[in-house]
Amino acid sequence: MSKIRHVITLESVINGKLARELEYTLYGKLKDLDQLKQAFAVEEHEQWTIPVDTNLPFKQRLRLIDNRRYTMATKMRRAGVAGCEEVEDDIAPDMWRHLREVAVDGYRKTRYRFKAGSTGLIWEIDVFVDRMGQPHPWVKIDLEVPDVDTAVPELPVDIETLIVDNGPKQTMAEKRFIRQLWDSEWTRLDPATTQDLYTKED
C-alpha cells in the first residue's frame, strides 16, 4: 500500500497518562472470515460513549476488555495539532457500571491483532455482529504508527473493498456507508440507562 499522510485517530497505552499516538482507521469487507484465525491475539470488547455537554471536540469512552478489565478513556482534539490527545486508564468495576448507566452507543466486538511483518506495527481488526448475531463481513481496521510519514504495510487479510476513513479521497457515499454500519448494520446494545430505578422529585 502507498503512504497515507492523513492523521485519523490516535490511541494511548492504558496507563492514565496523556499521550498522542497516531492511528489510521480503515473500513473493509473481508473476503474470508477464517483468515482471522491467524491473529496472534484476540480480545472481546464492550464499549460505550459517555455523553458530554460541551461544544469542545472532547469525547469519553468506556471499555470492558475480556469481561475483566474496566477502562475509561478521554479524547481531545486541539486546533492546529494533528490527531487527538488521549488519556486511558483502568477504573473500578463499580465506577464503570455506574457510568454505564448514563452511557450511549454500546457495541460488542471482537478485536483481532496481527503483526505487520517486521515493522513492529500492529494491525487491529474489529469484528462486529450483524442483526442475526453473526460476524459482519465489514470490519473496522486500525493501525498505530509513530508518525504521519510512516509507510503503511500490507494488510494481513484479504479485503474486497477498502475505505480510508476521513482520507483525502473519501466520498460522501463512503461517509454515509460508514455511518450506516454504525447505525444499522452492526448490532447496537440496548440503552444502558435504567430509568425505572429512579423517581423524579416532585
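Just so you know, these numbers come straight off a predicted model, no measurement behind them. (Residues numbered from 1 in each chain as written. Predicted model: local features only at pLDDT ≥ 70, side-chain atom pairs only at ≥ 80, totals over all residues. Heavy atoms only, no water.)

Undergrad: Quick question: what am I supposed to make of the sheet that holds strand 6 (residues 104–115) here?
TA: Within a sheet, adjacent strands bond to each other through the backbone by hydrogen bonds, running parallel or antiparallel. Strand order in the open sheet formed by nine strands is 5-4-3-2-6-7-8-1-9, and the pairing between neighbours is antiparallel. Across the chains shown, the open sheet's two edge strands, defined by having one partner strand only, are strand 5 (84–90) and strand 9 (159–164). Adjacent strand axes in the sheet meet at a mean angle of 30°, parallel and antiparallel pairs treated alike. Of the pairings in the sheet, the one linking strand 1 (residues 22–30) to strand 9 comprises five bridges and is antiparallel in character. When the bridges of strand 9 are listed, Tyr27 appears paired with Ile163. (Pairing = 2+ DSSP bridges. Helix = DSSP H or I, 4+ residues; strand = E, 2+ residues; numbered from the N terminus. Axes fitted to C-alpha atoms, helices over the stretch in contact; angles between N-to-C directions.)

Undergrad: Would you mind showing me how to read the pairing of strand 5 here?
TA: The two faces of a sheet get side chains in turn, since along a regular strand they alternate between them. Sheet topology note: the strand 4 (residues 69–77)/strand 5 ladder contains seven bridges and is antiparallel. Opposite Lys75, over in strand 5, you have Glu86 as the bridge partner. Linking strand 4 back to strand 5 in an antiparallel pair, the connection comprises six residues, with Gly80 at a positive phi of about 80°.

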